[in-house]
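# Working through the structure, step by step
As a plain string of letters, each chain reads:
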Amino acid sequence: AQSVTQLDSQVPVFEEAPVELRCNYSSSVSVYLFWYVQYPNQGLQLLLKYLSGSTLVKGINGFEAEFNKSQTSFHLRKPSVHISDTAEYFCAVNAPSGGTYKYIFGTGTRLKVLA
Amino acid sequence: GAVVSQHPSWVICKSGTSVKIECRSLDFQATTMFWYRQFPKQSLMLMATSNEGSKATYEQGVEKDKFLINHASLTLSTLTVTSAHPEDSSFYICSAPIAGGLETQYFGPGTRLLVL
């Protein structure tokens, strides 16, 4: 079975400071890894994904993440955050299951960018 | 990118009534769609997999008679919450993968259900 752990439930950071949101996963099979962002009362928007190839993945809004197989991590980073980055961020793994793929989400990290 | 819509975005109903939520893939066909439930300040929990032309597959602990799913066409799946109760109040989100790209899903904007 797969699982996703986001250790930080909340991360406050000042505007223009760097930020890292941590994600660790557990799986006995190869998985695909994703980061999604959710603004209040909205659905999920894909930030970036790792399917294969380069372990450093760049996404939208200046975010990037690095897949580390040995540490089973997929931490999300941004060198300089903006107020508009305040949102909930979900890490997810997607693994084959019964002929399709199923997502398992982490519990989410609330990023609060302070002025 | 692919677009998934949901209707309605908000619904308030009385306890005991049934509520139907639609999920549509607007610019692609989806033989499979997924329904999630999200409680306040919590993560998304997969409820069921909706399959076009066949029965939905429910996750453990999800009552299939309570949450009826119908995948009527390649672009439409509906979730009906039957005899809704206040504990069914939640944020319901659907998603769909593009055929040939099962590893990536596109999410709808969600439907907030409040049962009084």
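Going by the structure above, here's the rest.
Given the structure is predicted, the values throughout are model-derived calculations rather than measurements.

## Some details on the state of the cysteines
Under the defined criterion, the tally for this structure stands at two disulfides over all chains. Here C23 of chain A engages in a disulfide with C91 of chain A; their sulfurs sit 1.9 Å apart. Residues C23 of chain A and C91 of chain A share a disulfide whose torsion about the S-S bond is about -65 degrees; that sign makes it left-handed. With C23 of chain A in the loop between β3 (19-21) and β4 (24-26) and C91 of chain A in strand β10 (residues 87-97), this residue pair connects regions lying 68 residues apart in the sequence. Per residue, the accessibility class of C23 of chain A equals that of C91 of chain A, and both read buried. Shown here is the disulfide that connects C23 of chain B with C94 of chain B, its sulfur atoms set 2.0 Å apart. Between C23 of chain B and C94 of chain B, the S-S dihedral sits near 80 degrees, and the bridge is therefore right-handed. Here the residue C23 of chain B occupies a position in strand β3 (residues 19-25), and C94 of chain B occupies one in strand β9 (residues 90-98), the gap between them amounting to 71 residues.

## A short note on unusual backbone geometry
P8 of chain B follows H7 of chain B through a cis peptide bond whose omega is 0 degrees. Inspection of the secondary structure puts P8 of chain B in the loop between β1 (4-7) and β2 (10-13). The phi torsion at T72 of chain A lies on the positive side, around 45 degrees, for a residue other than glycine. For T72 of chain A, the location among the structural elements is in the loop between β8 (64-68) and β9 (73-78).

## Topic: the interface of chain B and chain A
Contacts between chain B and chain A engage 21 residues on the former and 22 residues on the latter. Both faces considered, chain B and chain A share a buried interface measuring about 1,700 Å² in area, 57% of it formed by carbon and sulfur atoms. At the boundary of chain B with chain A, the tally comes to one salt bridge. Measuring nitrogen to oxygen at the nearest pair gives 2.7 Å for the salt bridge that ties E59 of chain B to K102 of chain A. Looking at the side of chain B that touches chain A, the elements with two or more residues in it are β4 (32-38), β5 (44-51), β9 and β10 (101-107) of chain B. Residue contributions to the side of chain B that touches chain A peak at five residues, all from β10 of chain B. In the side of chain B that touches chain A, the residues fall into nine nonpolar, eight polar and four charged.

## Notes on the sheet that holds strand β8 (residues 76-81) of chain B
Residue and element names in this part refer to chain B. If you trace the four strands from one edge of the open sheet to the other, you get β1-β3-β8-β7, paired in antiparallel fashion. Strands at the two margins of the open sheet, each flanked by one partner only, are β1 and β7 (67-73). On average, adjacent strands in this sheet sit at an angle of 20 degrees to one another, irrespective of strand direction. The pairing of β3 with β8 spans six bridges and is antiparallel. Across the sheet, the residue bridging to V19 is V81, located in β8.

## Observations concerning the side chain of S77 of chain B
All names here are of chain B. Inspection of the secondary structure puts S77 in strand β8. Judged by relative accessible area, S77 falls into the buried class, the value being 0%. Apart from residues no more than four positions distant in its own chain, S77 is found in contact with I21, E22, C23, M33, W35, S50, I69, N70 and H71.

## Considerations on the pairing of strand β12 (residues 109-114) of chain A
All names here are of chain A. Here β12 shows a clear split, with T109, L111 and V113 buried on one side and none of R110, K112 and L114 buried on the other. Across five bridges, the pairing between strand β2 (residues 10-14) and β12 is parallel. Within β12, the residue paired with V13 across the bridge is V113. One ladder, built from three bridges, connects β10 with β12; its direction is antiparallel. Pairing of Y89 across the sheet is with T109, part of β12.

## Regarding the packing of aromatic side chains
What describes a pair of aromatic rings is the distance from one ring centre to the other and the angle between the planes of the rings. Inspection of every chain in the model, using the stated rule, returns 16 aromatic pairs over all chains. With a centroid separation of 5.7 Å and an interplanar angle of 85 degrees, the aromatic rings of F105 of chain A and Y36 of chain B are classed as edge-to-face. On the criterion of chain membership, the pair formed by F105 of chain A in strand β11 (residues 100-105) and Y36 of chain B in strand β4 is interchain, its members lying in two chains. For the pair F105 of chain A and Y36 of chain B, a shared accessibility class is recorded, and that class is buried. Plain terms: the ring middles of F105 of chain A and F107 of chain B are 5.9 Å apart, the flat faces sit at 70 degrees to each other, and that makes the pair edge-to-face. Taken together, the residues F105 of chain A in strand β11 and F107 of chain B in strand β10 connect one chain to another. Among the aromatic residues, ring-to-ring pairing joins F34, Y36, F90, Y103 and F105 of chain A together with Y36 and F107 of chain B into one connected group.

Criteria and thresholds
- Residues numbered from 1 in each chain as written.
- Chains lettered and ligands numbered in written order.
- Predicted model: local features only at pLDDT ≥ 70, side-chain atom pairs only at ≥ 80, totals over all residues.
- Heavy atoms only, no water.
- Disulfide = S-S within 2.5 Å.
- Helix = DSSP H or I, 4+ residues; strand = E, 2+ residues; numbered from the N terminus.
- Buried < 20%, exposed > 50% of the residue type's maximum accessible area, 1.4 Å probe, protein only.
- Contact = heavy atoms within 4.5 Å.
- Buried area = accessible area lost by both parts, 1.4 Å probe.
- Salt bridge = Lys/Arg side-chain N within 4 Å of Asp/Glu carboxyl O.
- Nonpolar A, V, L, I, M, F, W, Y, C, P; charged D, E, K, R; others polar.
- Pairing = 2+ DSSP bridges.
- Axes fitted to C-alpha atoms, helices over the stretch in contact; angles between N-to-C directions.
- Phe/Tyr/Trp six-rings, centres within 6.5 Å; stacked < 30°, edge-to-face > 60°.

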